[in-house]
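One letter stands for each residue in the lines below.
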Amino acid sequence: MIRANNEPFSNFNSKLRFRTKSSKQYDILPKHVKDTAFKYENNSKGIRSPAGPHHFLLCIVISVVVYTVLAILEKSLPEPVTISNEHNHPDRFVAERARNHLVELTSMGPRPVGSKENEILAVQLLLDDIKTIIKQADSAHKVEWDLQRVSGAFSLQFLDGMTNVYRNVQNIVVKIGPIQTSRHSLLINCHFDSVVDSPGASDDGASCAIMLELLRVISRLKIPLKNNIIFLFNGAEENMMQASHGFITQHQWASSIRAFINMEACGAGGKEILFQVGPNHPWLLEAYSDAVPYPLASSMAQEIFQSGIIPGDTDYRIFRDFGRVSGLDFAWSANGYVYHTKSDTVDKIPLGTFQRTGDNMLPLILKLVNSVQISDVEKYSTGNLVFFDFLGIFIVHWSEVLSDIINISVIIISLLVILYNASHTHVTGFNVKDYFKSCCKCSSLIVLIWLATLVTIAVLSLTVVMLDRCLSWFAQPAWLLFLYITPTILVPMVLLVLFGRKFLWGKKGTHYPQSLMYCISRDGNQLLYIMILMLCVLLRIRSGFAVALFVTCNTISIVLHNTILKNNYGYKVLWLHWGCMLVPFMLSAYMIQAALLLVVPIMGRSGSGNHAESVMSLITSAMFTLVFSFYNPLVLLLQKAYTVFSSLAVVLLVSFLVLVFTPLGFPYSGDPNNLAPQRFMIAHVERSFYSYNGSLRDHQNGLWIVNLDVNSPHSVVRHAPELLNARQITQDECDKELYCGLPYFIPVITFIWKTHWLDTKPLDVEIPLSLNLTYRDYRLNNVQRLSFSAIGPDHITFTLSLYDGIKLKDWSFSSGEPLKGPLWNGRPTYFVYYSCANDIIPWDFWIDIEVPKTHVGPQIEVGLSGHRMHGPHQYTPELKKLFNQLPQWTTTTGWASAYKSYTL
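These figures come from a predicted structure and were not determined experimentally.

Reading the values: the criteria
- Residues numbered from 1 in each chain as written.
- Predicted model: local features only at pLDDT ≥ 70, side-chain atom pairs only at ≥ 80, totals over all residues.
- Heavy atoms only, no water.
- Disulfide = S-S within 2.5 Å.
- Helix = DSSP H or I, 4+ residues; strand = E, 2+ residues; numbered from the N terminus.
- Buried < 20%, exposed > 50% of the residue type's maximum accessible area, 1.4 Å probe, protein only.
- Phe/Tyr/Trp six-rings, centres within 6.5 Å; stacked < 30°, edge-to-face > 60°.
- Lys NZ or Arg CZ within 6 Å of the ring centre and 35° of its normal.
- Pairing = 2+ DSSP bridges.
- Axes fitted to C-alpha atoms, helices over the stretch in contact; angles between N-to-C directions.
- Expected span 1.5 Å × (residues − 1).
- Bend = angle between axes of the 7 residues up to and from the residue.
- UniProt positions renumbered as here; feature names shortened; annotations may be inferred.

1. Quick look at the state of the cysteines
Then, in step 1: All told, the structure shown has two disulfides when counted by the stated rule.
Then, in step 2: Sulfur-sulfur distance for the disulfide between C190 and C208 comes to 2.2 Å. Taking the sign of the S-S torsion, about 105° here, the bridge from C190 to C208 comes out right-handed. With C190 in strand β5 (residues 185-191) and C208 in helix α6 (residues 201-219), the pair connects residues that are 18 residues apart, well separated along the chain. Each member of the pair, C190 as well as C208, carries the same accessibility label: buried.

Structural data, given as structure tokens:
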């Protein structure tokens, strides 16, 4: 209990509310303190009338309504232009024609690199459409096309790190420009290949279909372009961006590129977001701001994506890092449930999505290609911008220098307002120093409250895991509100009321009024955010604009309170503050909604070992903790705060009961109108392990089940009972064998390490896979060159680890120092991915290793994987049988693989 003159408060309500407007509320205090406090509460015409709890609950309800309205508006799309009414819209992008292109492209099925569908059928289809467009082009334009077949290699610091080797991947390149040749070009990029088993409608066939329609519209314009536009339809992006690398490093037109637009997708439909721009070259964002009718962009999204928190990458990286070109990166992010699945079909993409993207890209392309800047990009290359769109209506942007000026100004003004508050407390014996000291203490308390809130959320998420109710929010994100957002609102308010008073004690035996406690809590929170904003300025974090907006609006609320309401601390203060904070709340809710649209589906494919329930709960709680932190002090003005607490507690309790005792929390959905399937990635593998003397030491056949979420594979054992016999790959196996002795085709072992193995019959059709050491050449300085020849399918991975004392000096894959991966038993590993799109021949390569003269015995461990990812033998009978047993709320990806391990 908080004590005044060592006497306890009479009951819990004395902590939460004022009992009356008279001095009776201070009866427990010493007379001199009582007189001071009562005078403070009644020293103005605006006598304080405590706010009823219904005001605060109504604020919460309205906030939920505002969030819901924003979520609905986020789905709004423009009216599409169709072929039948295009005569009413000359020079407009026609969404229906773009969709028709996509229907043709996806009708041939999945298009992984090396497949007939990707290397022959898709190429021929795109070339036929391009040739038709060229024939109908206006004479004001010069249009050329080229089919590039290219080979190369590069290191890629993505995921666990890899070296990417490719042979004969294909690019279709179209250049349109003025009759008088220009030396400057704008690149527009998409990719027409897809992942295994997916028709790739959104990723990324739709972008290619949109580009075809953009090419058609631009080629028919009567006004010539000032510079060139190069349309790149690349045929190997899903192989870790191989085709774009081949183009930007080797194509004859690549040297003319001054800027680029990359079009991607991590979801089907919705609105394309500009989530990367630059580096530098602020004119690119300015052009976007001026040109597009439906903006959606954020420098915060760019900082988050480039931090690596979201596991993904695009051709933007290749053009930026290997072409040294700046550009804009766009992606659809809605409905990420169908991304890289069989359900990524044309019908999942609204026609309005085509129209919106086309209406944005067409004016943007014309703005950029005809700009002065593209002819002299170095002149306009300096600086980055802080930018964000406001509810999709307009873009706000300013330079980093102006951002610093704004942020520092906000800091100074906010501190002056707090200083004013400190000097006008009207409480005897409580000076400016005491006020600031209490504010600092309160800032510390708020940080502790944040930590306590996150700990509470972590405990709740672990409880959900223990109750086997994980991922309830996956198909129904509203569960996040009931399970994690509700306690995020509840816990800080309860802790602030319970412990806030302790930070208001001045001299021993002194108690100060609750209204002063509110002011200090409010200003302490403001002071904390001022420090966060200072940190953003010092660390050059452009996302600080969101913090600055909150601090600014809170400052406005404080000033209006001081000037209009003065000492009134009733319900009017609550509504004034809520109104002032409406703009930052709407903006933050808008950004949080976009973040959840992206992150929730990702949690269904992030791996079962990554604790998706805890991660998602903490991400959600952290976002809403920062937002509601500015509202928490208002609870100190409530007459019956316990009513608010009990209401939220009931919501939380009922939610848990419903989750546990009803099927409403089932995490997946097979409803075509609300797809949220559980993903299963399973390879039928034959693996062989060879000893140092060349003898076969182990041989196994089985289904390798890659657990993409925490419920795999036990969620489907009722439908596929044989999965009860699947055993988890143990740490001992991973310690014994390089990459656990498994055929990883991308380097994700640190992300997706929890997998299962089910013994089966051998593959029905053997995969030819072998690695031969063709020559060992002893060179100077104890260096040995080991030459290899690998034979296998068109997708091969090669993993390497050296014994202690052995050093990898060089290899033939790529120039520069070989890129290391994660350590294995304290030794570095190396991961090489190889694909051959056409004309498969043996893969010949060499490595140089330095071997100490005293070394005896094996030198290297090698793993070779071959993946049959397309064709008639992609699925084995065992895979087909298992997949046919799985329920409709699942989606599957499968292929056959061979793995061989060698000790040399």
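Next comes the rest of the write-up.
2. A closer look at the packing of aromatic side chains
Then, in step 1: In this structure the tally under the stated criterion is 44 aromatic pairs.
Then, in step 2: Aromatic pair F666 and Y668: ring centres 5.9 Å apart, planes at 85°, arrangement edge-to-face.
Then, in step 3: In this structure F666 comes out as partly exposed when scored by relative accessible area, which is 37%.
Then, in step 4: For Y668, a relative accessible area of 5% puts it in the buried group.
Then, in step 5: Note on W704 and Y744: the rings are 5.0 Å apart at their centroids and 70° apart in plane angle, and the pair reads as edge-to-face. You can see W704 sitting in strand β13 (residues 696-706) and its partner Y744 sitting in the loop between α22 (731-736) and β15 (755-759), a full 40 residues away along the chain.
Then, in step 6: We classify W704 as buried; its relative accessible area is 2%.
Then, in step 7: Above the ring of W757, the side-chain terminus of R687 is found at 4.1 Å from the ring centroid.
Then, in step 8: Stacked on the ring of W846, the Lys or Arg R785 has its end atom at 3.5 Å from the ring centre.

3. Description of the sheet that holds strand β17 (residues 783-791)
Then, in step 1: Taken in spatial order, the four strands of this open sheet run β16-β17-β21-β19, and their pairing is antiparallel. Each edge of the sheet is formed by a strand with only one pairing partner; in this case those strands are β16 (770-778) and β19 (807-811). Each strand of the sheet is rotated relative to its neighbour by a mean of 30°, with strand direction disregarded.
Then, in step 2: The pairing of β17 with strand β21 (residues 843-850) spans eight bridges and is classified as antiparallel. Bridged to Q784 within β21 is I849.

4. So, helix α15 (residues 478-500)
In an α-helix, one full turn covers 3.6 residues, which means residues spaced three or four apart are oriented alike.
Then, in step 1: Across its 23 residues, α15 extends 32 Å between first and last C-alpha, which sits within 8% of the 33 Å expected from 1.5 Å per residue.
Then, in step 2: For α15, the principal kink sits at Y484 and spans about 35°; a proline, P487, occurs within the next four residues.

5. Looking at the UniProt feature "transmembrane region" (unreviewed entry) in the protein chain
Then, in step 1: The sites that carry the UniProt feature "transmembrane region" (unreviewed entry) are, in the present numbering, residues 55-73, 405-423, 444-467, 479-499, 527-560, 575-603, 615-638 and 644-666.
Then, in step 2: Taken as a whole, residues 55-73 contains 100% helix and 0% strand, while its terminal C-alpha atoms sit 27 Å from one another.
Then, in step 3: Between the end C-alpha atoms of residues 479-499 there is a gap of 30 Å, over a span that is 100% helix and 0% strand.

6. What to know about the UniProt feature "domain: Peptidase M28" (unreviewed entry) in the protein chain
Then, in step 1: Mapped onto this numbering, the UniProt entry gives "domain: Peptidase M28" (unreviewed entry) at residues 171-364.
Then, in step 2: Each end of residues 171-364 is marked by a C-alpha atom, and these two atoms are 24 Å apart; helix forms 35% of the span and strand 23%.

7. Here's the deal with the pairing of strand β23 (residues 890-903)
Then, in step 1: Summarising burial for β23: 14 of the 14 residues are buried, a large majority.
Then, in step 2: Across the two faces of β23 the burial is the same, with T890, T892, G894, A896, A898, K900 and Y902 and T891, T893, W895, S897, Y899, S901 and T903 all buried.
Then, in step 3: With twelve bridges joining them, strand β12 (residues 678-690) and β23 adopt parallel strand pairing. Residue pairing across strands places E686 opposite A898, the latter belonging to β23.
Then, in step 4: As paired elements, strand β22 (residues 860-868) and β23 share eight bridges and run antiparallel to each other. Bridged to G863 within β23 is S901.

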